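Remarks on the overall topology
Listed here are the chains, written in short residue letters.
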Amino acid sequence: MDRLTQLQDAIDKMALLFVSSLDHLTKNAPLVPLHPNVPVVSTDHGMPQDQLQNSAQELALDISRQAKELEALIDNLPGISQTPEAQIHDLEDLAQQNAKATVEYELAVKEAKELLQEVTFALRRIAEDQSIRS
Amino acid sequence: MEDPSTQQQGAAFPAPPYYFQRYTQPNLALLEKAKSDPTNPELTTALDALPFPILALEPPPPIKRGICWMFGRPWPVQDTLATLAEQGIEQLYPKGDIDRVKELKKLSHSAVFNFLDLVHVLSTSPSEFATKVDHIRVIFINMHHILNEYRPHQARETLRLMMNDQLNRKRKETAALRKTCVDLRKQLAGLRALEQDRLVIPAGATASDSNQDVDMAPATPAASKSTAEVEAEANGSAIGGSTSTTTKNAETMSRMMQLCDTIE
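Since the model is a prediction, treat every value here as computed from it, not as a measurement. (Residues numbered from 1 in each chain as written. Chains lettered and ligands numbered in written order. Predicted model: local features only at pLDDT ≥ 70, side-chain atom pairs only at ≥ 80, totals over all residues. Heavy atoms only, no water.)

**A word on the overall build of chain B**
Put simply, the rule is: Numbering goes from the N terminus for both helices and strands, where a helix is a DSSP run of H or I of at least four residues and a strand is a run of E of at least two. Remark: exposure states derive from per-residue accessible area (1.4 Å probe, protein chains only) relative to the maximum for the residue type, with buried under 20%, exposed over 50%, and partly exposed in between. Should any heavy atoms of two residues lie within 4.5 Å, those residues are counted as being in contact. Residue-level accessible areas treat just the shown protein chains as cover; the underlying method is Shrake-Rupley with a 1.4 Å probe.
Secondary structure assignment for chain B yields nine helices and two strands. Out of the 264 residues belonging to chain B, those deemed buried represent 28%. Expressed as a percentage of contacts within chain B between residues at least 6 apart in sequence, the contacts between residues at least 24 apart total 58%. Entry remark: accessible area of chain B is about 18,100 Å², with carbon and sulfur atoms responsible for 60%.

**Quick look at the overall build of chain A**
Check the secondary structure of chain A and you find three helices and zero strands. From first element to last, N terminus to C terminus, chain A shows the α and β order α-α-α. Taking all 134 residues of chain A together, the buried fraction comes to 29%. Expressed as a percentage of contacts within chain A between residues at least 6 apart in sequence, the contacts between residues at least 24 apart total 63%. Only carbon and sulfur atoms are counted for the fraction: they give 57% of the accessible area of chain A, which is about 8,900 Å².

**Some details on the packing of helix H2 (residues 25–36) of chain B against helix H3 (residues 41–49) of chain B**
All names here are of chain B. Here is the rule we go by: Every angle, taken between N-to-C directions, lies between 0 and 180 degrees, and every axis is a line fitted to C-alpha atoms, over only the stretch in contact when it is a helix. We call two directions roughly parallel when the angle between them is under 35 degrees, roughly antiparallel when it is over 145, roughly perpendicular when it lies between 65 and 115, and oblique otherwise. Each crossing gets its handedness from the near helix: less than a right angle anticlockwise from the far helix is left-handed, clockwise is right-handed.
Two elements in contact, H2 and H3, have axes separated by 11 Å at closest approach and are oriented at 135 degrees. Looking at the two axes, H2 sits oblique to H3. In the packing of H2 onto H3, the handedness of the crossing is left-handed. Counted together, Leu30, Lys33 and Ala34 of H2 and Leu43, Ala46 and Leu47 of H3 form the full contact between these two elements.

**Remarks on the pairing of strand E1 (residues 67–70) of chain B**
Spelled out, the test is: Strands were regarded as paired on the criterion that DSSP finds at least two bridges between them.
One ladder, built from four bridges, connects E1 of chain B with strand E2 (residues 73–76) of chain B; its direction is antiparallel. Looking at E2 of chain B, one finds that methionine 70 of chain B is bridged to arginine 73 of chain B.

**A few points about the confidence of the model for chain B**
Residues and elements named next belong to chain B. Put simply, the rule is: The pLDDT value expresses, per residue, how confident the predictor is, ranging between 0 and 100.
Of the residues in chain B, 71% have a pLDDT of 70 or more, and the chain-wide mean is 73. At the level of individual helices and strands, chain B shows its lowest average pLDDT in helix H7 (residues 207–216), which scores 37, and its highest in helix H5 (residues 100–124), which scores 89. Ignoring residues within four places in sequence, the model shows residues 203–243, a span with pLDDT below 50, making 40 contacts including any to other chains. Scoring of the predicted complex yields 0.57 for pTM and 0.71 for ipTM.

**Some details on the nonpolar core**
Heads up, the condition is: Here, the term nonpolar core denotes a set of buried Ala, Val, Leu, Ile, Met, Phe, Trp, Tyr and Cys residues that are joined through side-chain atoms within 4.5 Å.
Ranked by size, the top nonpolar core spans 26 residues in total, and within it Leu7 and Phe18 of chain A together with Leu104, Phe115, Phe140 and Met143 of chain B carry the most contacts. Counting residues per element, the ones that place at least two in this core are helix H1 (3–28) and helix H2 (49–75) of chain A together with H5 and helix H6 (129–200) of chain B. With eight residues, H1 of chain A is the single largest residue contributor to this core. With residues near it in sequence (within four places) discarded, phenylalanine 115 of chain B still touches Phe18, Ser21, Leu22 and Ile63 of chain A together with Ile136 of chain B. Judged by nonpolar contacts, the second largest core, of ten residues, contains Ala108 and Ala122 of chain A together with Cys181 and Leu188 of chain B.

**Quick look at H2 of chain B**
Note the cut-off: In a helix, the anticipated span is given by 1.5 Å times the number of residues less one.
Look at H2 of chain B: 17 Å from first C-alpha to last across twelve residues, which is about the 16 Å you get at 1.5 Å a residue. In this fold, the buried residues of H2 of chain B make contact with H3 of chain B.

**Structural notes on H2 of chain A**
Compared with the 39 Å implied by 1.5 Å per residue over 27 residues, the 39 Å span of H2 of chain A between its first and last C-alpha is a close match. Within H2 of chain A the residues assigned to the buried category are Leu52, Ser55, Leu59, Ile63, Gln66, Ala67, Leu70 and Ile74 of chain A.

Laid out in structure tokens, this is it:
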């Protein structure tokens, strides 16, 4: 897959990581009392605190890993070594060379076909000769 | 019987657009006359009687500017990438020529920092999240826009590489063909030299035989070779020589067939 598409996918993945990490944390956070006099009663909402801490760690690790990958991909971008004008000039040049090479190729093919005819003729005579002799 | 509306609903395909009824023979004749001679007064009265402009019978000209609608979506006629300012997004990287690698890295770092800010805001005063989310959105849009601007360049690069490939392949094949031709020519020359040697041996070749040679042989000397060998057999003097020629013939035949295969 070409590098630009990979880069675009990596950026989208980063955004997805942002969203999913926030989502995960808010969904699974345990209940917290709003007022010191009103204690929390239900206990089976969300995850226990230490498990949440672990997952927060993992998510942070994921995000930083993705950032590193993004950086590596950016470094590997195919270089912008030429300006667009230079590129267009190269393309025209190459088009001309291609046309010339096609002409030469067709000449060689014609030559080879003629030679092939000659050779098949010679082979046929040899074969006749062989059959006459035997 | 069913009335036409229910018939329409039951039909397998939709009806053609209503203006197919305009294409009558008199109307088409009017069109021809209008194209050749637009200022004729009786023509204009006849044209005014029609419920549609006469030029509507011609196919419409192709669209050159602006937007055209296709399959329910608008497509720009000139396919260009809209700049960020046109899309209403603030451009965070400098205008003009930029070093894409550096700018992209800066943007990715600031994306992560902004995320950190967002988490901070959410933990302190959650109702103020909107500005940070907007910042992150702008950063991502900028990054994608830099990449989109890079696409035409990449397309030209790819085209250049492909053309280079094609060129090299053609040149290689031309060289291979030429080499095979040279080899074959050498083989043929060798064969001709061989039968020239054979012609020397039957010294008693009669005039009739040489006439036969002239009649039969177009370009190949193979014909003269066959008569020479028949002569040699009849004489019985060069039988050993002729068997060696047979084996040489078989060899050259197999080699020539190989070379023919490479040409084809």
